[in-house]
Amino acid sequence: MFDSHSSPILIEYRPRNRNTYIRISQNGEVKVRTPLKNESAIRRILKFREGWIRTKLTEIQAYHSDMPIVGKEIRFRGETRSVEQLPNLHKKILKAENILTIEKYYYRFYKEEAVLTIPSRVAFYSRKMELYPSDIRFKRLRSRWGSCDTRGVVTFNIMMMQLSYEQIDYIIVHELAHLRHMNHSKHFHELVKEYLPEAARFRKELKAIRPSI
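An account of the accompanying structure is given in this report. (Residues numbered from 1 in each chain as written. Predicted model: local features only at pLDDT ≥ 70, side-chain atom pairs only at ≥ 80, totals over all residues. Heavy atoms only, no water.)

### A few points about the nonpolar core
To keep things clear, this is the line we draw: We define the nonpolar core as a collection of buried residues of types Ala, Val, Leu, Ile, Met, Phe, Trp, Tyr and Cys that are connected through side-chain atoms lying within 4.5 Å of one another. Think of it in three bands: with a 1.4 Å probe and only protein chains considered, a residue is buried below 20% of the maximum accessible area for its type, exposed above 50%, and partly exposed in between. Secondary structure counts use DSSP, requiring at least four H or I residues in a row for a helix and at least two E residues in a row for a strand, with both numbered from the N terminus. Throughout, a residue-residue contact means that at least one pair of heavy atoms, one from each residue, lies within 4.5 Å.
Formed by 44 residues in total, the largest nonpolar core has its most connected members in I118, M129, F156 and I172. Where this core is concerned, the elements lending two or more residues are β4 (73-76), α3 (87-95), α4 (99-129), β8 (153-157), α5 (165-177), α6 (186-195) and α7 (199-207). By residue number, the principal contributor to this core is α4, which donates 10 residues. Aside from chain neighbours lying at most four places away, what touches M129 is V173, L176, A177, R180, L191 and Y195.

Next up, the structure:
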């Protein structure tokens, strides 16, 4: 039985919810939001979803075990590299007074690289798909790799620069496809797959990656 000895469980009583929802946080905490007050019923739900929960916890553990050492390493373009390979960033880090300053330099580095790299890939796929955003923006997002609003503005997470080129292309095609389909319908996924046949693989990979340093 999956229990609190294997991972912390937080149960939030939500009387307005119609269903029970289980989420796994980045630190491995199992969050249960439920309208149920019956502990036995909640335990049965956890038991039923035990396989899924353990799979997600394993993915999170594997991701964190491969995390770079902040200040010495950086995840960039699908690899973990020594910051010494990036002279401009390395010089700044050598002068940094604390970890918060180092993180600030990391974020600035990712934004500069995103601005240099992503627009040309957007232009390439825009021509192929005949879908053109009204504007491209870059932000540090905590839980999403990108977004597209009804005005046609596409926003990309600067942390995309941690990813491989294939994964970056998938996010770009995904957001451009929203210019035609503002949903995740069958037609939306068919459009993405038309330009990236391995879209399902990329989507699965990105679900296991958290946009953080």
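### A look at the side chain of D169
Here D169 lies in helix α5. Among residues more than four places away in sequence, those in contact with D169 are R121, Y125 and L196.

### With respect to the pattern of salt bridges
Our working rule: For salt bridges, the criterion is a side-chain nitrogen of Lys or Arg within 4 Å of an Asp or Glu carboxyl oxygen.
In the structure shown here, the tally under the stated rule is 13 salt bridges. Residue E79 pairs with R81 through a salt bridge whose shortest N-O separation is 3.3 Å. Accessibility expressed as a relative area gives 44% for E79, which makes it partly exposed. The exposure class of R81 is partly exposed, given its relative accessible area of 22%.

### Some points on helix α1 (residues 39-48)
Given 3.6 residues per turn, any residue in an α-helix points the same way as the ones three and four places further on. Quick note on the threshold: Working definition: the arc comes from the directions between the helix axis and the C-beta atoms, pointing outward to the latter.
Of the positions making up α1, those classed as buried are A41, I42 and L46. Relative to the axis of α1, the buried residues are bounded by an arc of 140 degrees and lie together on one face. Seen from the buried face of α1, the exposed residues on the opposite side, beyond 90 degrees, are R44 and F48.

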